[in-house]
Structures are given as C-alpha cells and as structure tokens.
Amino acid sequence: PHVIEFEKIKELQRSYDKVDLSKVSTFADLPLSDHTLNGLKDNSFTHPTEIQKASLLYSLQGNDILGAAKTGSGKTLAFLIPVLESLYCQRWTRLDGLGALILTPTRELALQIFETLKKVGKNHGFSAGLIIGGKDLKFETKRIDQCNIVIGTPGRILQHMNENPLFDCVTMKILVLDEADRCLDMGFERDMNCIIENLPPERQTLLFSATQTKSVKDLVRLSLRNPMYVSVHEHAK
Ligand code: ADP
Ligand code: MG
C-alpha cells in the first residue's frame, strides 16, 4: 500500500505542469488527491470559484501566493486545499508535528476555517487545532504538540510561541495569512512580524487580502518569496 501511495503522489505531482487552466471546470479537473476530491464532493463543492480556479494550480505547485479577492469569494478553500495537498504529498503523518499554520484576524473566522477543514479534510486524518484564546478557552486545543494544522489569531499564536514549549514551529512547511489587511487594521502588525520572523524560512506562504495597502505591501515583502499575484474581481451573484 505504501508503494501505491507513493506512485500516486508522484503521478499527481507530474500532472501539475500538464494542466490546461482554460479547460478546468470542476475540482476533478485539477490534480488533487482522492482524499481531498472526496472531501469536497461529500460537502457538495463541485466547481471551484474564480479565486480558487485562478490560484490553486500555482499554490499546488508550491509557489507563494498573494491573493486578492473580496469577502465571500471562497478564499478558505483556496488555502485549505493546498494545505491538505502539501501535507499529503509530503506524506505527513499525525506524528510529524506542526505542518501548517493559519493566521486569521478573529476567533469567529478561525472557528469557521476549522469547521471547513474538519469537513473537507476528514479523509486525510491530520489533526487540527485552534489557538484563539478569548474569554472562554473551551475551544482551544489542549494537545498542541500533536496538531498538524493549527488555526489561530495572531496575538494568541504569538503568546503560545513565546510561552508554550509544546508549540513548536520548526517542522512547519506552509503558512497562511488570511485576511491580512484586516489583521493589520486590528493592530496585529507587530505580532505578525514576530511570528513570521520565528518561522522556518524554507516554507510556502499563501497570503490573502482584499486590499493592497502600504502596510499589506510591507507584510508581503516580509513574508513572501517571488509570489504569484492572483487577483479576482467577481461579479455580484
Ligand atoms: P471568503 O473567505 O473569500 O470570504 P469563504 O471561503 O468563507 O469566502 O466562502 C464563502 C462561501 O462560499 C462559503 O459559504 C463557502 O462554503 C462557499 N464556497 C466556497 N467555495 C465554494 C465552491 N467551490 N462551491 C460552492 N460554494 C463555495
Ligand atoms: Mg475568509
């Protein structure tokens, strides 16, 4: 079974360069693992949105992404799919520690991302955790050292980085900065800079922001390497 899985991954990676984006209509037209495709299908996600279609192939290929798209355009799957596929292709297991870190400005957004990840990523068997703090800690992950994917708000993540020896980022491979402009507006600039400076430089970063202000550009310079710029202006539905 291991050999078969290995061959499947090789085949998947070979096909990244052969995809003709103009012919992509459904998620099944993209080179995705069966685990992810079935997770999408089971939740009735059949056709990628514009931002998903425009960015997925590049993020799957391992590029850093600077994605510009407004609220409601489907950014969550635009970063969760490459997170899942990246860990899958690296044959990540539950024992391999933290592989992906997702920063988002609010606890509500973190919870939404967590719920989507649980649904769409269920076949992969990775463990996911929340670091969001706040008044009641009932949602916060206790076994942080056993999480492969951590979703959190910048202030609380930095606190764990500084104070919790179980939160170890050295194995981290993929960073997501969701709603980066909103994070900055909320005063998280210093926290985010500190977090980014403490992460392994050999990583992939996906940054999504509705606007491209001066402070977003500063963050882009700090966090991304040769990013693909993917901008989408969808018509109102
Ligand atoms: P954003 O983060 O850009 O504001 P979300 O990722 O939260 O957008 O998605 C907005 C809504 O669109 C959600 O209800 C989500 O379930 C839905 N959605 C996302 N991608 C798809 C898709 N490919 N097909 C159908 N619905 C989708
Ligand atoms: Mg979002």
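In the nomenclature of an unreviewed UniProt entry, the chain corresponds to ATP-dependent RNA helicase from the organism Cloeon dipterum.

K.L.:
An account of the UniProt feature "short sequence motif: Q motif" (unreviewed entry) in the chain is needed here, citing residue identities and associated values.
P.N.:
The UniProt entry lists residues 25-53 under the feature "short sequence motif: Q motif" (unreviewed entry), expressed in the numbering used here. Helix makes up 45% of residues 25-53 and strand 0%, and the two end C-alpha atoms of the span are 8 Å apart.

K.L.:
Kindly report on the site of ligand 1, identifying the contributing residues and their values.
P.N.:
Taken together, 14 residues lie near ligand 1, and His47, Gln52, Gly72, Lys75 and Thr76 sit nearest. At a separation of 2.6 Å, an oxygen atom of ligand 1 approaches a polar backbone atom of Gly72. Here an oxygen atom of ligand 1 and a side-chain polar atom of Thr76 are 2.7 Å apart. Protein contacts shield 64% of the accessible area of ligand 1, which totals 570 Å² for the unbound molecule. The pocket occupied by ligand 1, as judged from atoms lying within 2 Å of grid points, is the largest pocket.

K.L.:
Explain the pattern of salt bridges residue by residue, including any values.
P.N.:
Throughout the structure, instances matching the rule amount to 10 salt bridges. Across the salt bridge formed by Glu115 and Lys118, the nearest N and O atoms sit 3.7 Å from each other. Remark: Lys118 and Glu115 occur in helix H5 (residues 107-120); sequence separation between them is three residues, near one turn of the helix. Judged by relative accessible area, Glu115 falls into the partly exposed class, the value being 38%. Residues Arg182 and Glu179 are paired through a salt bridge, measuring 3.6 Å at the closest nitrogen-oxygen approach. One network of salt bridges, with partners in common, ties together Lys214, Asp218 and Arg221.

K.L.:
An account of the sheet that holds strand S3 (residues 128-131) is needed here, citing residue identities and associated values.
P.N.:
Spatial ordering of the open sheet is given by S3-S4-S2-S5-S6-S1-S7, a layout of seven strands whose pairing is parallel. In this open sheet, the two strands that pair with only one neighbour each are S3 and strand S7 (228-231). This sheet shows a mean twist of 15 degrees between the axes of neighbouring strands, independent of strand direction.

K.L.:
Give me the nonpolar core: which residues, what numbers.
P.N.:
One finds Phe79, Ile102, Ile149 and Ile151 to be the most contacted residues of the largest nonpolar core, which totals 42 residues. Per-element tally for this core: the top contributor is helix H4 (residues 75-89), with 10 residues. Here Ile102 is in contact with Phe79, Leu80, Ile113, Ile149, Val150, Ile151, Gly152 and Val176, once residues within four sequence places are set aside. Residues Met172, Met192, Leu199 and Val216 belong to the second largest nonpolar core, which totals 29 residues.

K.L.:
Any chance you could break down the confidence of the model for the chain for me, citing the residues and the numbers?
P.N.:
A residue-level look at the chain finds 96% of positions with pLDDT of 70 or above and a mean pLDDT of 94. Overall fold confidence (pTM) sits at 0.96, and the ipTM for the predicted complex is 0.99.

The rules we used
Residues numbered from 1 in each chain as written. Chains lettered and ligands numbered in written order. Predicted model: local features only at pLDDT ≥ 70, side-chain atom pairs only at ≥ 80, totals over all residues. Heavy atoms only, no water. UniProt positions renumbered as here; feature names shortened; annotations may be inferred. Helix = DSSP H or I, 4+ residues; strand = E, 2+ residues; numbered from the N terminus. Near = heavy atom within 4 Å. Polar contact = N/O pair within 3.5 Å; in protein donor to acceptor, adjacent residues only side chain to side chain. Areas by Shrake-Rupley, 256 points an atom, 1.4 Å probe, with all protein chains shown as cover. 1 Å grid on protein atoms, 1.4 Å probe; cavity = no way out; pocket = protein on both sides within 12 Å on 5 of 7 lines; lining within 4 Å. Sits in = over half its atoms within 2 Å of the grid points. Salt bridge = Lys/Arg side-chain N within 4 Å of Asp/Glu carboxyl O. Buried < 20%, exposed > 50% of the residue type's maximum accessible area, 1.4 Å probe, protein only. Pairing = 2+ DSSP bridges. Axes fitted to C-alpha atoms, helices over the stretch in contact; angles between N-to-C directions. Core = buried A, V, L, I, M, F, W, Y, C linked by side-chain atoms within 4.5 Å. Contact = heavy atoms within 4.5 Å. pLDDT = per-residue confidence, 0-100.

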